[in-house]
Amino acid sequence: MEIIVEVNGLERTFGRNRAVDGMTFHVKQGEVFGLLGPNGAGKTTTVRLLNGILPPSGGMARVFGLDPLMDGQRIREQTGVLTESPSLYERLSARENLEFFGTLAGIPAEKLTQRVQDILKFFGLQDRVNDKVETYSKGMKQRLALARALVHEPPLLFLDEPTSGLDPEAAQQVNELIASLSQRSGQTILLATHNLLEAQRLCDRVAVMNKGRILAMGSLKELTRKLWPVIWVDITFWEMPAETVRETLKTLRGVIQITGQGETMQAQVENEDVIPQVVRHLTGQGASILRVNPRDYTLEDIYFSLQAGEK
Amino acid sequence: MNWRSIWTIAKKDLKEVSQNKMAWGPGIVVPLVFAVFMPLMFIILPQVIPVEDVQRELGDLDGMLRAMPPALQVLFEGKSLEQMFVLYMAGFMLAPLFLVMPLMFSTVIGSDSFVGERERKTMEALLYTPTSDMELFLGKVLAAVIPAIGLSWITYVVYIIVVNVASYPLFGSIWFPLPTWWPLMLWMTPALAVLGISATVLISSRVRTFMEAYQMSASLVVLVLGLVAGQVSGVLFLGIGTTLIIGTIIWLVDAALIYVSVKKFKRSALVAKL
């Protein structure tokens with residue numbers, strides 16, 4: 001797949017503060033890539049650097065093969081940005097807001113009205129198009145801000161804390177919209193967030209950041225493997241097999257350790273390929289297996305493990 | 001340069017300003033006072049008060065008239081006491097006061113456009129649009145300059161009508177505007193509108209709120225008050241030549257300020273202020 005965003009050793013300092021400190025990553029077409037980190041980690045600065053509204057202090061960045069410093073305007077023609085605060089003109093209506101940004105994005109006048117109507121309908125705002133934005137709820141404003149970012153159908157979307165400050169219902173609505181964009185339209189998305197559940201649900205890969213640096217990067221599976229190279233498997237039986245069965249299990253190649261309590265045995269194995277061998281061995285010995293459950297790690301486990309390591 | 005984007009930014013700013021009462025309030029009150037109430041007062045008063053009171057006023061005026069350039073003194077020859085009073089007040093005394101308008105309008109609108117946008121947290125989305133820094137700058141400058149000049153000219157037209165209608169019983173003819181008003185309206189008014197906005201752009205990089213920007217920019221009115229004082233004291237009369245010279249100086253200052261403003265108006269500087 002084509003690489004849309006390529007960053008190598010990117011740096012940005014403000015005085016003595018290193019907001020972005022040697023970041024290296026890439027985003028492929030159709031991918032949802034997450035920048036995860038606490039406030040001040042450098043996520044928003046990275047979005048600004050990639051859109052060419054802030055010059056870098058060092059390193060290299062390419063978006064659609066273009067240098068943001070030299071070709072910021074051409075890059076911004078192909079990107080949509082949902083800023084952390086909705087950044088909407090509250091004294092204007094939803095239609096006026098979208099027509100304004102649509103015009104600046106270069107949508108021809110004859111297509112603009114229809115495009116604005118369509119996108120407002122997609123975001124469920126068609127009944128309030130002429131109402132001033134100041135009368136909207138927070139959730140509606142965020143949906144409108146997302147509509148603004150997408151009004152010119154950009155191939156790359158930057159979402160900076162898209163559900164920040166929203167109640168759970170509105171946050172869910174926004175997340176569903178983002179998920180549908182990614183699944184239905186194959187939209188390439190760079191999501192900057194500190195919401196771990198949101199990132200786990202939406203992102204194909206994430207980069208966990210702190211103080212401007214990337215601590216680790218990859219899919220949930222890859223990060224789990226990096227942090228916890230061995231796998232724990234919980235195996236539940238109708239009846240716990242005899243001690244001898246468990247002892248023979250330890251001799252299997254790839255099995256590291258076996259513990260057990262009650263009806264459940266915990267097996268630590270080197271990788272996922274070992275799990276079917278363990279199951280085969282146990283059933284061959286006459287064990288009645290009720291459930292095999294490789295232990296899952298959430299992005300939250302990964303995130304806090306990485307941040308703790310950083311401290 | 002994408003003029004569609006520039007006009008879109010200008011129109012949006014104007015729409016926003018039109019909904020900010022703090023911004024357009026002065027835009028209605030000041031023209032009403034300058035173009036309607038003050039001329040009516042100065043024109044109707046000498047037509048209703050006793051001639052001896054006008055004579056007393058003329059005593060004060062006499063010295064001022066003598067201080068005028070000979071070319072302007074000619075305008076007063078053969079006029080009655082009341083006519084001289086009206087001519088002096090409506091034709092000369094109020095003239096520099098009108099210069100407050102372009103300055104005030106452009107600083108109010110400019111403050112709302114440049115600082116208000118940041119204050120209302122709408123600037124960031126604007127910076128992410130595919131417009132150049134120059135297009136953003138021009139859009140915002142035009143949003144301030146065009147209405148500042150337009151409103152000033154509308155006020156002049158109203159003033160011309162009010163003066164001629166109210167003084168018709170006294171003069172029996174349409175006598176206003178005097179030749180000295182043309183350079184004031186067409187040369188100095190646009191220069192001051194541009195001065196207001198270029199100063200506001202520079203000030204906007206140092207302040208955080210609309211009110212701060214407005215108050216600092218409005219201090220430029222002192223320049224105009226200097227002209228008023230000069231006119232009242234007889235030190236400086238805004239004749240055609242003087243107005244053209246002062247206007248040219250202001251245009252030169254404008255050019256310098258615009259040059260510096262364009263240099264300073266960068267996305268990277270604006271985003272750092274968010």
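Residues numbered from 1 in each chain as written. Chains lettered and ligands numbered in written order. Predicted model: local features only at pLDDT ≥ 70, side-chain atom pairs only at ≥ 80, totals over all residues.

Caption draft 1: Looking closely at the overall build of chain B. On a plain count of helices and strands, chain B comes out with 13 helices and 0 strands. In chain B, the order of α-helices and β-strands from amino to carboxyl end is α-α-α-α-α-α-α-α-α-α-α-α-α. Projected onto its principal axes, the C-alpha positions of chain B cover 70 × 30 × 30 Å. Among the 274 residues that make up chain B, the fraction classed as buried is 43%. Counting contacts in chain B only where the partners sit at least 6 residues apart, residues at least 24 apart contribute 87% of the total. (Helix = DSSP H or I, 4+ residues; strand = E, 2+ residues; numbered from the N terminus. Buried ≥ 20, exposed ≤ 12 C-beta atoms within 10 Å, placed from the backbone. Contact = placed C-beta atoms within 7 Å.)

Caption draft 2: Representation of helix α5 (residues 138-150) of chain A within the structure. Helix length check: α5(A), at 13 residues, gives a terminal C-alpha distance of 19 Å against a target of 18 Å (1.5 Å per residue), a fit within 8%. Most of α5(A) sits out of view: 11 of its 13 residues are buried. Structurally, α5(A) contributes buried residues whose contacts are with β5 (79-82), α3 (94-104), α4 (109-122), β6 (156-160) and α6 (168-185) of chain A together with α7 (123-127) of chain B. (Expected span 1.5 Å × (residues − 1).)

Caption draft 3: Quick peek at the interface of chain B and chain A. Of the residues lining the interface, 21 residues belong to chain B; the matching set on chain A comes to 24 residues. When contributions to the side of chain B that touches chain A are tallied by element, the ones reaching two or more residues are α1 (3-17), α7 and α13 (267-272) of chain B. Broken down by element, the residue count for the side of chain B that touches chain A peaks at 6 residues, all from α1(B). Of the residues that constitute the side of chain B that touches chain A, the class distribution is 5 nonpolar, 8 polar and 8 charged. (Nonpolar A, V, L, I, M, F, W, Y, C, P; charged D, E, K, R; others polar.)

Caption draft 4: Structural view of the domain arrangement of chain A. When the domains of chain A are assigned, the result is domain 1 (3-224) and domain 2 (230-294). The straight-line distance from the C-alpha centre of domain 1 of chain A to that of domain 2 of chain A is 45 Å. (Domains from an automatic or database assignment.)

Caption draft 5: Structural context of unusual backbone geometry. Cis peptide bonds are those with omega within 30 degrees of zero, and the linkage from B:Phe176 to B:Pro177 qualifies with 10°. As for its position among the elements, B:Pro177 is in the loop between α8 (133-171) and α9 (181-204). The phi dihedral of A:Phe64 falls on the positive side, at around 55°, and the residue is not glycine. A count of 17 C-beta atoms within 10 Å places A:Phe64 in the partly exposed class.

Caption draft 6: Local environment of the sheet that holds strand β12 (residues 264-269) of chain A. Residues and elements named next belong to chain A. Taken together, the 4 strands give an open sheet; going across it, the order is β11-β12-β10-β13, and neighbouring strands pair in antiparallel fashion. Where the open sheet ends on each side, the last strands, each with one partner, are β11 (255-261) and β13 (289-294). Direction aside, neighbouring strands of the sheet carry axes that sit 20° apart on average. Pairing analysis gives 6 bridges linking strand β10 (residues 231-237) to β12, with the strands arranged antiparallel. (Pairing = 2+ DSSP bridges. Axes fitted to C-alpha atoms, helices over the stretch in contact; angles between N-to-C directions.)

Caption draft 7: Looking closely at the pairing of strand β8 (residues 205-210) of chain A. Residues and elements named next belong to chain A. When you tally the buried positions in β8, you get 5 out of 6 residues, the bulk of the element. Pairing of strand β3 (residues 32-36) with β8 involves 4 bridges; the strand directions are parallel. Residue Phe33 lies in a different strand from β8, and its bridge partner there is Arg205. Strand direction decides the pairing type here: β8 and strand β9 (residues 213-218), joined by 5 bridges, are antiparallel. Across the sheet, Asn210 pairs through a bridge with Arg213, a residue of β9. Between β8 and β9, which follow one another and run antiparallel, lie 2 residues, and Lys211 among them has a positive phi close to 50°.

Caption draft 8: Summary view of the nonpolar core. By size, the foremost hydrophobic cluster in this structure holds 145 residues, and its most contacted members are A:Leu144, A:Ala147, A:Leu190 and A:Leu191. Every residue in contact with A:Leu144, bar those within four places of it in the chain, is listed here: A:Leu88, A:Ala94, A:Asn97, A:Phe123, A:Leu125, A:Val133 and A:Tyr136. (Core = buried A, V, L, I, M, F, W, Y, C linked by C-beta atoms within 7 Å.)

Caption draft 9: Looking closely at the environment of A:Gly139. Residue and element names in this part refer to chain A. Considering the arrangement of structural elements, one finds Gly139 in helix α5. With 18 C-beta atoms packed within 10 Å, Gly139 lands in the partly exposed category. Through-space distance from the C-alpha of Gly139 to that of Asp167 is 7.8 Å; in sequence the pair is 28 residues apart. If we skip the residues at most four places from it in the chain, Gly139 touches Leu166, Ala170 and Gln173.

Caption draft 10: Spotlight on the packing of helix α2 (residues 21-48) of chain B against helix α6 (residues 100-119) of chain B. All names here are of chain B. In the contact formed by α2 and α6, the axes pass within 9 Å of each other and the chain directions differ by 170°. Taken together, the axis directions place α2 and α6 in an arrangement best described as roughly antiparallel. Touching Ala23, Pro26, Gly27, Val30, Pro31 and Phe34 of α2 are Met101, Met104, Phe105, Val108, Ile109 and Asp112, all from α6. Partitioning the contact of α2 with α6 into residue classes produces 10 nonpolar, 1 polar and 1 charged. (Parallel < 35°, antiparallel > 145°, perpendicular 65-115°, else oblique.)

Caption draft 11: Representation of the packing of α6(B) against helix α10 (residues 210-218) of chain B within the structure. All names here are of chain B. Running from N to C, α6 and α10 cross one another at 150°; their axes reach a closest spacing of 8 Å. Accordingly, the angle class assigned to the pair α6 and α10 is roughly antiparallel. Once α6 is placed against α10, the crossing between them reads as right-handed. Contacts from Met104, Thr107, Val108, Gly110, Ser111, Asp112, Val115, Gly116 and Glu119 of α6 reach α10 at Phe210, Ala213, Tyr214, Ser217 and Ala218. Classifying every residue of the contact of α6 with α10 by side-chain character gives 7 nonpolar, 5 polar and 2 charged. (Left-handed = near helix turned anticlockwise from the far one by under 90°.)

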